[in-house]
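A closer look at the structure
What follows is the residue order along each chain.
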Amino acid sequence: MNIAVIGLGVLGAATARSLSLAGARVTVFERTTPLAGTSNTSFAWVNSHSKNPRPYHDLNVAGMAEHDVLAASPGRCAPWLTLGGNIEWAEDQAGTERLAASVRQLEDRDYPVEWIGPSQARDLVPDLLVPDGVRDIAHYPTEGHLIPALLVARLWGEARENGAELRCPAEVVSVSETGDGVRIALSDGQVSTADAVVFAAGRWTEALTATTGHRVAMADPDVAGSATVGLLGYTAALPTRLDAVLTTPALNVRPDGGGRLVVQGLDLDADADPANPPAVDGHHALELCRRLNDLLAGTSGAVLESIRVGQRSMPGDGLTAAGFLGETGRIYVLATHSGVTLGPLLGRLAATEVLGGEPATELRHFRPDRLAGRESLPPLEKARFAGQQ
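As the structure is a computational prediction, the values presented were derived from the model and not from experiment. (Residues numbered from 1 in each chain as written. Predicted model: local features only at pLDDT ≥ 70, side-chain atom pairs only at ≥ 80, totals over all residues. Heavy atoms only, no water.)

Quick look at helix 8 (residues 339-354) now. Look at helix 8: only 19 Å from first C-alpha to last across 16 residues, short of the 22 Å you get at 1.5 Å a residue. Approximately 35° is the largest bend angle found in helix 8, and it occurs at Leu 345. The buried fraction of helix 8 amounts to 14 of the 16 residues, a majority that puts the element mostly inside the structure. Directly beyond the C-terminal end of helix 8, a positive phi value near 95° is found at Gly 356. (Helix = DSSP H or I, 4+ residues; strand = E, 2+ residues; numbered from the N terminus. Expected span 1.5 Å × (residues − 1). Bend = angle between axes of the 7 residues up to and from the residue. Buried < 20%, exposed > 50% of the residue type's maximum accessible area, 1.4 Å probe, protein only.)

In structure tokens:
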């Protein structure tokens, strides 16, 4: 089969890899450059933490396991995944109660989590500065972080070695069904055809699926201060010791390779505006660096090399959308806010379904027809507490 994939972020690269490994002829259409969308502005935390309802939690656990399988398979690529765990604490009574309830729920689901004290936390992260008064710290040992560019390099490299082709820049403006496949129209007037198409277009999903006659409702990625936007700061290299994820009341932090860190203050996301990104030396950047210096030794004098407004790819109800649109089996859509955790898994399952395999039981709760043509979905709740994304 000749399959088109729209988008070369984590989802698109994972799907192209699995399709090409299964023997399909794959062409990927990328509108600007690889990793130009959501994948390049992600906190990139691999987890199934506060992922509700239960089927969504289970899907993310399966996504974490898929990363383990991929990491264990041969591949000529720098490691993209670090399972250094996640450390979380609360700062007040309300936060303590939220954290305790979250831990109880995860324990009921047999998700690895343990309570540790400040001394144990510093054994795990030697430069960690635990605030006075914090005694109970949640540790999630199987969680971790990844470097999106290195993951895409691994996935797309294997897809390319197995014959997948990339057309870039190639902006798809519409997709329509024909008698024996799909017609893909590009902004430069060119037209391509395929037996089937997989949308992995992130925040452009709603506009593109609308051209097929099966519009998938997505949360608006351009609304300032909404659940779909957030600020991410990227530091210069720092002499601090960190290989874990930190999700704390003031700051979320993860390594980004080469001594650099990614920092996020969820309360600051109220000011995130894609139309007006903050200055790299402005108030928000200085505040992120101040909080970092309070959290990790070795970060004195930290500066940000960049500060980005991330625009999240979120289906209208906040959950994953994965499956066919319509009845012909020619148009398949993947859209999720958990693309970093779910990417390799969704790519494999999508490839199996597109190529005529059995429907994936893991996806039965997440079919996109629940969102097709929907209007006036309620606003999604914003992440504002440690451990939320």
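Let's pick the thread back up.
Sheet topology places strand 19 (residues 321-324) next to strand 20 (residues 331-335); four bridges connect them, and they run antiparallel. What sits directly across from Gly 323, in strand 20, is Val 333. Hairpin connection between strand 19 and strand 20: a loop of six residues separates the two successive antiparallel strands, and Gly 326 in this loop has a positive phi of roughly 80°. (Pairing = 2+ DSSP bridges.)

Strand-to-strand pairing in sheets goes through backbone hydrogen bonds, with the strands running parallel or antiparallel. Taking strand neighbours across the sheet as the criterion, the eight strands line up as 6-7-5-15-16-17-14-18 in an open arrangement whose pairing is mixed. The open sheet is flanked by strand 6 (114-116) and strand 18 (304-311), the only strands paired with a single partner. Across the sheet, the mean angle separating the axes of adjacent strands is 20° when strand polarity is ignored. Judged from the three bridges that link them, strand 5 (residues 86-88) and strand 15 (residues 245-247) form a sheet pairing that is parallel. By the bridge assignment for strand 15, Ile 87 is matched with Leu 246. Taken strand by strand, helix 3 (residues 93-108) contacts strand 5, strand 6 and strand 7 (137-140), and its axis lies near 35° from that of strand 7. (Axes fitted to C-alpha atoms, helices over the stretch in contact; angles between N-to-C directions. Contact = heavy atoms within 4.5 Å.)

With that out of the way, let us pick up the packing of helix 1 (residues 10-21) against helix 5 (residues 148-161). Across the interface, helix 1 lies against helix 5 with an axial gap of 8 Å and an inter-helix angle of 30°. By the criterion of interaxial angle, the relationship of helix 1 to helix 5 is roughly parallel. As for how helix 1 packs across helix 5, the hand of that crossing is left-handed. Contacts between helix 1 and helix 5 involve Val 10, Ala 13, Ala 14, Ala 16, Arg 17 and Ser 20 from the first element and Leu 151, Val 152, Leu 155, Trp 156, Glu 158 and Ala 159 from the second. (Parallel < 35°, antiparallel > 145°, perpendicular 65-115°, else oblique. Left-handed = near helix turned anticlockwise from the far one by under 90°.)

Another point: the sheet that holds strand 3 (residues 45-46). Reading across the sheet, the three strands line up as 3-8-4 and stay open at both edges, with antiparallel pairing between neighbours. Edge strands, defined here as strands with exactly one partner in the open sheet, are strand 3 and strand 4 (81-82). Here two bridges tie strand 3 to strand 8 (residues 144-146), and the two strands are oriented antiparallel to one another. Following the sheet pairing, Val 46 is matched in strand 8 by Gly 144.

On to the pairing of strand 2 (residues 25-29). Of all five residues in strand 2, four are buried; the element is thus mostly enclosed. The handedness of the strand 1 (residues 2-6) to strand 2 crossover, carried by helix 1, is right-handed. (Right-handed = clockwise from strand over helix to strand, strands pointing away.)

Glancing now at the pattern of salt bridges. Applying the stated rule across the entire model yields 16 salt bridges. Among the ionic pairs, Glu 206 bridges to Arg 215, the shortest N-O distance being 2.9 Å. Look at Arg 215 and you get buried, because its relative accessible area is 18%. One salt bridge in this structure joins Glu 287 and Arg 291, with 2.8 Å as the shortest N-O distance. With Glu 287 and Arg 291 both in helix 7 (residues 283-295) and four residues apart, the pair spans about one turn of that helix. For Arg 291, a relative accessible area of 11% corresponds to the buried category. Sharing partners across several salt bridges, the network here consists of Asp 267, Glu 287, Arg 290, Arg 291 and Asp 294. (Salt bridge = Lys/Arg side-chain N within 4 Å of Asp/Glu carboxyl O.)

The residue after Asn 52, namely Pro 53, is reached through a cis peptide bond having omega 5°. Mapped onto the secondary structure, Pro 53 falls in the loop between strand 3 and helix 2 (54-72). The step from Cys 168 to Pro 169 runs through a cis peptide bond, and the omega angle for that step is 0°. By the secondary structure assignment, Pro 169 is in the loop between strand 9 (165-167) and strand 10 (172-177).

Turning to the environment of Leu 151, a few remarks are in order. Mapped onto the fold, Leu 151 is located in helix 5. Through-space distance from the C-alpha of Leu 151 to that of Gly 9 is 9.5 Å; in sequence the pair is 142 residues apart. With residues near it in sequence (within four places) discarded, Leu 151 still touches Val 10, His 67, Leu 70, Trp 80 and Leu 146.

Take Thr 341: it is sitting in helix 8. Polar side-chain contacts of Thr 341 include one of 3.4 Å to the backbone oxygen of Trp 45. Ignoring any residue separated from it by four or fewer positions in sequence, one finds Thr 341 in contact with Trp 45, Val 46, Asn 47, Lys 51, Asn 60, Gly 63, Met 64 and His 67. (Polar contact = N/O pair within 3.5 Å; in protein donor to acceptor, adjacent residues only side chain to side chain.)

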